[in-house]
Amino acid sequence: MATCKLRQKAAEKDHVPFSVLVDLGGSTHQLCLSVHEPKIRSFSCFGRVIVTYNLKKQTWHCPCTNPRKSCLHKSIGKWHLFQTRKDLLPVSAQETFQSHTNPATTELERSVRYIYAEKKIPATLPGDATAPRALTDYPVCLIPTEETCKLCLNHPRLEDGFLITDKATIVGMIGVYHNTSTFNKRCPECHMDYRYQEWQDGLHNFNDHVILTLEFCLYMRYNLQNHVSVSRMIRCLESFRGQKFPAVNIIFQAYCHFEALNNTEYSYSCVKCGFSPVVVMMDFHRNRVSKLEVSELKTPPEDFDGQHNIEDFWDSVHREMISQGFFPNSSTNPFVVRPSYEHWAPWIGKKTRKSDSVLNTEFKKMPTSETEGELSSVTVDRLCEDLIKLNEATLQNLCKSCDVDSSGSRADLIFRLGEKLKNQQTYVTVYQSVWATSGGWCVVSCPHGIVYSLKFNLQTESPRDFTDLLLSWKHFPNVCLYDSAHGLATHTNSRVPDNPPFHPHEGKPAAPTTKNLAKAVHQKLKVPLPWLREKLVHSEENGHPITGSSHHYALHDRLHQGNTKDPHDVLRRVNLVPELQDCVNSKLVKRMFTYMRKNNYFLNSMAPSTQMFLMRNMIEHRNACRNTQLLETQLKRVQQLQPLDPTAMSDMGQTAMDDSHFDSVSIKKTH
């Protein structure tokens, strides 16, 4: 291969074509290529050698040698076909050239970055681009529109388009159409290839061989929103249309390619709560990723503080989805995003987060010292609860590894392990066995069911994950509802000891006095927080911009407030605050998790980065749908009294409305 490249440079130096496909007689089963030969010989009188390729026999012939021997001219001819007509070569030859030509070249990487930066698809597509049409109505020759190189400083004119294949397949709602021709153009200076990527024609080019109609892309989006996987959808279409579609994994990668180029905003905010909700509800969506081995994750450097650039990380995920159209083999793809403690960011909307630098400190989860063990002790009760879910054989093995008697019933085994969890070494062993597993999503949402933050966990969820998210927010919520409210408040305050976020009373609405505890037990204690309804006249220092209050509470929602063992946690019940009774709907949030669980059957089989990409995308479209519902409800109520512009938003991202009819605070009950 190196010799071929030297010959290519020699041809460029002599200003002659390196290899050209020529027509000598119009044969349907034989291709002829004119290859540059710098030395004048009997077989190259004019500095060219004619190499032929028999399509039927898949054999090569060159006048410089016999048919059974290889030569440099044949190799150049094969390289030419690999670059321009790969489909004509046998699979074995394609694999050989795939390894020798090193697809992870600078040119291909530049192509991926160029497409991501310059070929974005509008978030809202015009109707004529997605309108139904016959497959024969689409262009049959797909040629890039670029005329000059956009990356070279002197913008040289691109070479004439060269054929990639004339057997490309267009995939649409009404079936598949073959025999479409795709062309590339190449810059003569930087050698970057330009692909056809013009959404205006109603097409989305994945890899020059499979092209999707935009109508079909949107159809797949709506199917995924309704829990129908791409494989099920394709099987139905194949049965209904009686046609064979391209491989499901290719179509799925093409869809991810489409969504990666789509200019979706990913705002992750509620039209009623704005960019910084006053009340948030936090929960964990449990799932598993079969391709993620947490034990293989490398420990980050000692000076790593858990800060991640959120834009850089998610741009890298998008580039991986786009690069699949250039690098069929993931092992040679330089854009693949692999799980790493140093490069694994959550998603928080741009107007919700403090900056592009966000926290993910999962590498600190594993207890390695007495101090960390003390901080993790708030989760011992939850660890015991998860022990109950293990089968007897697993419990017996766990007892043996912890030097605990493994005889007796399941209840005996769980009791003995629970008693010995106070020992640091036992705690670490049980933690690693039960919780050091991959998968799951930490979700922060508002009371209307709009997701504000997503975090894909490398290990099982703990209060640390939600603390990372909250400390990355621009404005800390006044009320956080979580099933382990005490653990959240304790861990968060320990992370910021100089200015504990959860205060007063460590995030409880009332002081833990004997009188207050007694009244709370008998459900006679009420702690009004009027600023949840009406902003304080004089905002407190570091107060929330919507309420003006600097108080932050960690409370249990109604579904989990009876699960605690700490007697002081009775002061964390949500029913202590009258203003929260009308706005907190735990069932609405649970419905959202039910929605997410219905997708587990196809999400759990994906690579971690693909699952992250698709989940964030699906939640964004779900958020948009939910926001539309909220706006429609609001319009019906408000426009009976006065006109309301649904596009008008306040500085805090809330719909503009007259305060005489609605509170400006986002948490008021939605009927």
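Relevant structure appears above.
Residues numbered from 1 in each chain as written. Predicted model: local features only at pLDDT ≥ 70, side-chain atom pairs only at ≥ 80, totals over all residues. Heavy atoms only, no water.

Undergrad: Looking at this structure, I do not really get the pattern of salt bridges. What am I missing?
TA: Where charged atoms from two side chains of opposite charge come close, those side chains can pair. Following the criterion strictly, the structure yields 16 salt bridges and no others. Glu-146 is paired through a salt bridge with Lys-119; the nearest N and O atoms lie 2.9 Å apart. Note that Glu-146 is positioned in the loop between β5 (141–142) and β6 (162–172) and Lys-119 in the loop between α4 (106–118) and α5 (127–130), a separation of 27 residues in sequence. Taken individually, Glu-146 and Lys-119 each receive the classification buried, so the pair is uniform in this respect. Each of the salt bridges in this network shares a partner with another, and the network as a whole consists of Lys-455, Asp-465, Asp-468 and Arg-495. (Salt bridge = Lys/Arg side-chain N within 4 Å of Asp/Glu carboxyl O. Helix = DSSP H or I, 4+ residues; strand = E, 2+ residues; numbered from the N terminus. Buried < 20%, exposed > 50% of the residue type's maximum accessible area, 1.4 Å probe, protein only.)

Undergrad: It is not clear to me how the sheet that holds strand β17 (residues 479–481) should be interpreted in this structure. Could you clarify?
TA: Read across the sheet, six strands follow the order β13-β16-β15-β11-β17-β18 without closing on themselves; strand pairing throughout is mixed. Two strands close off the open sheet at either side, each with one partner strand: β13 (347–348) and β18 (553–555). The pairing of β13 with strand β16 (residues 451–456) spans two bridges and is classified as antiparallel. What sits directly across from Ile-348, in β16, is Ser-453. (Pairing = 2+ DSSP bridges.)

Undergrad: Which parts of the structure should I look at to understand the packing of helix α1 (residues 2–13) against helix α2 (residues 72–84)?
TA: What describes two packed helices is the angle between their axes and the distance between those same axes. Close contact between α1 and α2 brings their axes to 10 Å; oriented N to C, the two are set at 85°. With respect to α2, the element α1 is oriented roughly perpendicular. Along its contact with α1, which presents Thr-3, Cys-4, Lys-5, Arg-7 and Gln-8, the element α2 presents Leu-72, His-73, Ser-75, Ile-76 and Trp-79. By residue class, the composition of the contact of α1 with α2 is four nonpolar, four polar and two charged. (Axes fitted to C-alpha atoms, helices over the stretch in contact; angles between N-to-C directions. Parallel < 35°, antiparallel > 145°, perpendicular 65-115°, else oblique. Contact = heavy atoms within 4.5 Å. Nonpolar A, V, L, I, M, F, W, Y, C, P; charged D, E, K, R; others polar.)

Undergrad: Any chance you could explain the sheet that holds strand β2 (residues 30–36) here in plain terms?
TA: Strands belonging to one sheet form pairs held by backbone hydrogen bonds; the direction of such a pair is parallel or antiparallel. If you trace the four strands from one edge of the open sheet to the other, you get β1-β2-β3-β4, paired in antiparallel fashion. In the strand order of this sheet, the two ends are held by β1 (19–22) and β4 (59–61), each with one partner. Sheet twist, expressed as the average angle between the axes of neighbouring strands with direction ignored, equals 25°. Looking at chain direction, strand β3 (residues 48–54) and β4 are connected through three bridges and run antiparallel. Bridging from a neighbouring strand, Tyr-53 pairs with Trp-60 of β4.

Undergrad: Please clarify how the packing of helix α12 (residues 392–401) against helix α13 (residues 410–420) should be interpreted in this entry.
TA: Where α12 contacts α13, the axes come no closer than 10 Å and their chain directions differ by 35°. Between α12 and α13 the crossing geometry is left-handed. Across from Glu-392, Leu-395, Gln-396, Leu-398 and Cys-399 in α12, the residues of α13 making contact are Arg-410, Leu-413, Ile-414 and Leu-417. Of the residues assigned to the contact of α12 with α13, the class counts are six nonpolar, one polar and two charged. (Left-handed = near helix turned anticlockwise from the far one by under 90°.)

Undergrad: Is there a simple way to explain the environment of Tyr-196 in this structure?
TA: In this fold, Tyr-196 is placed in the loop between β8 (193–194) and β9 (203–205). For Tyr-196, a relative accessible area of 3% translates into the label buried. In this structure, the C-alpha to C-alpha distance between Tyr-196 and Asn-184, residues twelve residues apart in sequence, is 6.9 Å. When neighbours within four sequence positions are excluded, Tyr-196 is seen to be in contact with Leu-142, Ile-143, Pro-144, Phe-183, Asp-201, Leu-203 and Asn-205. A distance of 2.6 Å separates the side chain of Tyr-196 from the side chain of Asp-201, its partner in a polar contact. (Polar contact = N/O pair within 3.5 Å; in protein donor to acceptor, adjacent residues only side chain to side chain.)

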